[in-house]
Amino acid sequence: MFQKDDFVMYGGVGVCRVAEVGPLKDPPEGQQETDYYTLEPVFGSGAIYSPVDSKVFMRPISSRQEVCRLIAKIPQISDAPFITKNQKLLCDHYQAFMRTHDCEDLVQLIKSVYAKQQFSQKKGKKLGETDQRYCKMAESLLHGEFAVALDLPLEQVQPFIFQAIQRLEADESPEAVFGEKMA
């Protein structure tokens with residue numbers, strides 16, 4: 001069970017802060033009393049009320065060290081594009097990555113779409129809307145989690161990732177790049 005002020009990844013919403021845990025203040029009449037998480041999206045507005053036993057995916061956000069390890073691993077993650085003219089197959093392919101809620105899968109999805117974009121540009125074509133939409137969703141989820149874990153403003157996440165990879169490829173140690181031991 002999550003506690004007040006924990007940061008969690010919630011479904012397709014992304015990073016939320018647990019504002020409260022407990023019964024609703026004004027439950028609908030006749031509704032069985034149950035505990036709810038009151039979640040506040042970090043990069044959005046409003047509140048989400050989710051029963052603590054909800055089937056909606058929820059997990060703690062990655063730690064700073066886990067995020068740094070993943071960033072260091074990005075060059076080894078596959079970027080093989082998924083190319084098909086069948087939109088249903090394409091959506092199913094991307095949804096499979098999104099459903100895992102795994103940061104490494106989100107990185108793979110993003111890298112594969114970037115590779116597909118380069119492939120398309122070489123042929124003088126544009127990237128399809130489906131590819132763009134799923135890439136944007138994956139970036140939003142990944143960058144939001146990284147921003148909170150790294151304590152960075154959202155707009156600084158992508159430059160941080162690119163600079164870290166460049167420094168690692170220039171043979172700087174992970175400790176020098178990320179400022180901590182990467183045990």
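Data block above holds the structure.
Read on for a plain summary of the structure. Note that the structure is a prediction, hence the values are computed from the model and not measured.

Focus on a nonpolar patch on the surface
Then step 1. Together, Phe7, Val42, Phe43 and Leu154 give the surface a local cluster of nonpolar side chains, amounting to about 300 Å² of exposed area.
Then step 2. Assignment of secondary structure puts phenylalanine 7 in strand 1 (residues 7-10).

Topic: the packing of helix 3 (residues 103-122) against helix 4 (residues 129-150)
Then step 1. It is the contact of helix 3 with helix 4, at a shortest axis distance of 9 Å, that shows an interaxial angle of 140 degrees. By the criterion of interaxial angle, the relationship of helix 3 to helix 4 is oblique. Considering only the axes of helix 3 and helix 4, their crossing is left-handed. Residue-level inspection shows Cys103, Leu106, Val107, Leu109, Ile110, Val113, Tyr114 and Lys116 of helix 3 in contact with helix 4, the latter providing Asp131, Tyr134, Cys135, Ala138, Glu139, Leu141, Leu142, Glu145 and Phe146.
Then step 2. Residue composition of the contact of helix 3 with helix 4, grouped by class: 13 nonpolar, no polar and four charged.

Focus on the sheet that holds strand 2 (residues 14-23)
Then step 1. Taking strand neighbours across the sheet as the criterion, the five strands line up as 4-3-2-1-5 in an open arrangement whose pairing is antiparallel. The open sheet has two free edges, formed respectively by strand 4 (48-51) and strand 5 (58-60), since each of these has just one partner strand. When the angles between neighbouring strand axes are averaged without regard to direction, this sheet yields 45 degrees.
Then step 2. Of the strand pairs in this sheet, strand 2 and strand 3 (residues 35-41) are connected by seven bridges, and their pairing is antiparallel. Bridged to valine 18 within strand 3 is leucine 39.

Concerning the pairing of strand 4
The side chains of a regular strand alternate, first on one face of the sheet and then on the other.
Then step 1. Alternating positions in strand 4 separate cleanly, Ile48 and Ser50 being buried on one face and Tyr49 and Pro51 remaining unburied on the opposite face.
Then step 2. Direction of pairing for strand 3 relative to strand 4: antiparallel, over a ladder of four bridges. Bridge pairing in strand 4 links threonine 38 to tyrosine 49.
Then step 3. Where strand 3 folds back on strand 4, the antiparallel hairpin that results is connected by six residues, among which glycine 46 adopts a positive phi of roughly 90 degrees.

Comments concerning the side chain of lysine 111
Then step 1. With respect to the helices and strands, the residue lysine 111 is situated in helix 3.
Then step 2. Despite its burial, lysine 111 pairs with no opposite charge, the nearest such side chain being aspartate 79 at 5.2 Å.
Then step 3. If near-sequence neighbours (up to four positions away) are discounted, lysine 111 is found in contact with Ile74, Pro75, Ile77, Ser78 and Asp79.

About the cut-offs
Along each chain, residues carry numbers from 1 onward, in the same order as the chain's sequence is written. Per-residue local features of the predicted model are confined to residues with pLDDT of at least 70, and side-chain atom pairs are confined, for both listing and counting, to 80 or more; whole-chain, interface and lining totals are unaffected and use all residues. To obtain the side-chain values, all non-hydrogen atoms of the structure were used and water was disregarded. Residues enter patches when their relative accessible area tops 30% and they take part in no salt bridge; the joining distance is 9 Å for like charges and 5 Å for the nonpolar side chains Val, Leu, Ile, Met, Phe, Trp and Tyr. Computed with a 1.4 Å probe, the accessible areas rest on the Shrake-Rupley method; for each residue, only the protein chains presented here act as cover. Each salt bridge in this description consists of a side-chain nitrogen of Lys or Arg and a carboxyl oxygen of Asp or Glu lying within 4 Å of one another. Secondary structure elements are taken from DSSP: a helix is a run of H or I of four residues or more, a strand is a run of E of two residues or more, and numbering for both begins at the N terminus. To get an axis, fit a line to the C-alpha atoms, keeping to the stretch in contact for a helix; angles then go from 0 to 180 degrees between the N-to-C directions. Roughly parallel means an angle under 35 degrees; roughly antiparallel means over 145; roughly perpendicular covers 65 to 115; every other angle is labelled oblique. By definition, any crossing whose near helix is turned counterclockwise from its far helix by less than a right angle is left-handed, and any crossing with a clockwise turn is right-handed. Only heavy atoms enter the contact rule, under which two residues are in contact if any of them lie within 4.5 Å. Amino acids are sorted into nonpolar (Ala, Val, Leu, Ile, Met, Phe, Trp, Tyr, Cys and Pro), charged (Asp, Glu, Lys and Arg) and polar (every other residue, Gly among them). Should DSSP find at least two bridges between two strands, the strands are taken to pair. Exposure classes here rest on a 1.4 Å probe applied to the protein chains alone. A residue is buried below 20% of its type maximum, exposed above 50%, and partly exposed in between. Only four residue types enter the tally: Lys and Arg on the positive side, Asp and Glu on the negative side, with His and both chain ends excluded.

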